[in-house]
Number of protein chains: 2
Amino acid sequence: MKFYDCTTAPSPRRVRMFLAEKQVSIPTVQVDLRSGEQHSEAFRAINPRCTVPVLTLDDGSHLNEALAICWYLERRFPEPALFGDDPGQQARVLMWNALCEQEGFFAAAEAFRNRAKGLKGRALTGQEGYAQIEALAERGRTRVLRWMADLDARLSAVPFIAGEGFTLADITAFIAIDFAGWVKLAVPEQHRHLTRWREQVAARASASA
Amino acid sequence: MKFYDCTTAPSPRRVRMFLAEKQVSIPTVQVDLRSGEQHSEAFRAINPRCTVPVLTLDDGSHLNEALAICWYLERRFPEPALFGDDPGQQARVLMWNALCEQEGFFAAAEAFRNRAKGLKGRALTGQEGYAQIEALAERGRTRVLRWMADLDARLSAVPFIAGEGFTLADITAFIAIDFAGWVKLAVPEQHRHLTRWREQVAARASASA
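Residues numbered from 1 in each chain as written. Chains lettered and ligands numbered in written order. Predicted model: local features only at pLDDT ≥ 70, side-chain atom pairs only at ≥ 80, totals over all residues. Heavy atoms only, no water.

Can you walk me through the domain arrangement of chain A in this structure?
All names here are of chain A. As assigned here, chain A comprises domain 1 (2-76) and domain 2 (87-208). When each unit is reduced to the centre of its C-alpha atoms, the spacing between domain 1 and domain 2 is 20 Å. Counting residues at the interface gives 20 residues for domain 1, matched by 22 residues for domain 2. Summing the contributions of domain 1 and of domain 2, the shared interface buries around 1800 Å²; its carbon and sulfur component is 61%. Linking domain 1 with domain 2 are three salt bridges. Residue R204 is joined to E21 by a salt bridge in which the shortest nitrogen-to-oxygen separation is 2.8 Å. Counting across the domain 1 and domain 2 interface gives seven residue pairs in polar contact (both at pLDDT 80 or more). Secondary structure elements with two or more residues in the side of domain 1 that touches domain 2: α1 (10-22) and α3 (66-76). (Domains from an automatic or database assignment. Contact = heavy atoms within 4.5 Å. Buried area = accessible area lost by both parts, 1.4 Å probe. Salt bridge = Lys/Arg side-chain N within 4 Å of Asp/Glu carboxyl O. Polar contact = N/O pair within 3.5 Å; in protein donor to acceptor, adjacent residues only side chain to side chain. Helix = DSSP H or I, 4+ residues; strand = E, 2+ residues; numbered from the N terminus.)

Just checking my understanding: could you explain the layout of surface pockets for this structure?
One water molecule sets the probe size; rolling that probe over the atoms shows where empty space is left. Estimates place the volume of the second largest pocket at around 230 Å³. W71(A), R75(A), W71(B), R75(B) and Q90(B) are, among the 14 residues lining the second largest pocket, the residues nearest its centre. For the lining of the second largest pocket, the elements supplying multiple residues, two or more each, are α3 of chain A together with α3 (66-76) of chain B. Looking at the lining of the second largest pocket residue by residue, the class counts come to five nonpolar, four polar and five charged. (1 Å grid on protein atoms, 1.4 Å probe; cavity = no way out; pocket = protein on both sides within 12 Å on 5 of 7 lines; lining within 4 Å. Points joined across faces, edges and corners; volume = space filled by probe spheres on them. Nonpolar A, V, L, I, M, F, W, Y, C, P; charged D, E, K, R; others polar.)

In C-alpha cells form, the structure reads like this:
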C-alpha cells in the first residue's frame, strides 16, 4: 500500500488520524497542493480528480475517497474498530459520518473555497475550473454554525457522535471543526457539550496526526 | 423495521431499488413531500432533518441517510451482495457510490432546487430555509454533464460502475441520471458506453421500483 497525503490539508488528515488510531504506519508520499502538484500529469495518472487522500493498493489500483480508504483500512486492520461492530452500530457510524461530512466538512469547504483569494476559478477541487460564488461562501458559514448546534444537542445525550465509542464520525467532525477555523469559525461558547467532546478528542494522540 | 418513503422522490428510490434487488419487502409508510408532511411535528420527531428515506429499526432508533440504510439492509439481507465482497471491492463500491452521489446526485439536486419555482427559500432540504442561488443551479448542470462524461469513460472499461458486478454504485448513478431529467438533462448521444449501461440497468426489474 502507498498513501498519498498532504500534511497541511484537512481531507487526507482524516486518513492520517484513522491510521494513528489503528497505530498503523504505511509508506506515505507527500503531494504539494500549494505548488499545484495535484494537477501534474504524474499525479493525474494516479487520481484524475486531483485530490488527496489516495491509497494505492497492492494490486496497483487506487482509492481516491476518504470513506472508501478508511473502510479498506478497517478491513485490513480491524482493531480498534472505528466503524462500529454490529449492523445497527455500523449504520449509525455511516449515518453520522455522512452528516458530519455533508453539513460540516463540505460546508466548511464551501465557505473557504468560494472566498479564498488563491482559489479564484477553483472553487471546487479537480481539473475543471469553477468560479467562486460569494453567496455560497456565506451559506457555508451559516451551515457550519447550524451543524455545530445540532452536534451540541446530539452530544448532550451521548459521549461520542455515533454513540458510546469513538468512531470515524468523530474523526470527520473533529477535522471539519478545525477546517472551519480556516474561515474563522469556532465552536460557540454556549455549546458546552460540543466543547467537552472536542477537548476529549483533542487529547487523543491521534489528534496531532 | 419500517421504511418511510415517498414514491415520487429520488432519494428514497435508492432504498426502494436496493430492496427490490434483494427481493425483500418491509412495511412502508408514504410521506407526502408535496404537501410538506416532512415538516410536520410528527415527522420531525422521526427525522429532524425532514427528509426521506428513513428506516426505523426494531429497537425504535431511526436511520435517516441512504448509505447507512442500505448498509444496514445489506447486513440483514446479504444476498445478492450489493456492496461487493472482499475489502478491495467493497472499498471500490463505496468510492464510486460517493463519486456518483457527490458529482451526480447532489449536483442534480443543486440544479433542480436552486431554480424550481416551488422551492424558493428551500434550496436545501431541512427545517432551515436557504435562499436559491442561481449560479449554483447553473453550476449543478455543468457538473452533471461532466460527471456523465467521466462515467462514460469508466464504462468503456468495465460492465458496471464499480467493476464486474451490479452494486449500490449503479443504483445511485441510475437514479441520479433520472433525477437530472427533472432539469431536462439527458445522457448525451455520444456517450455510448453510458447509454449501453443505462439500458442494461433500466431492463432490471428493480428499475421500476
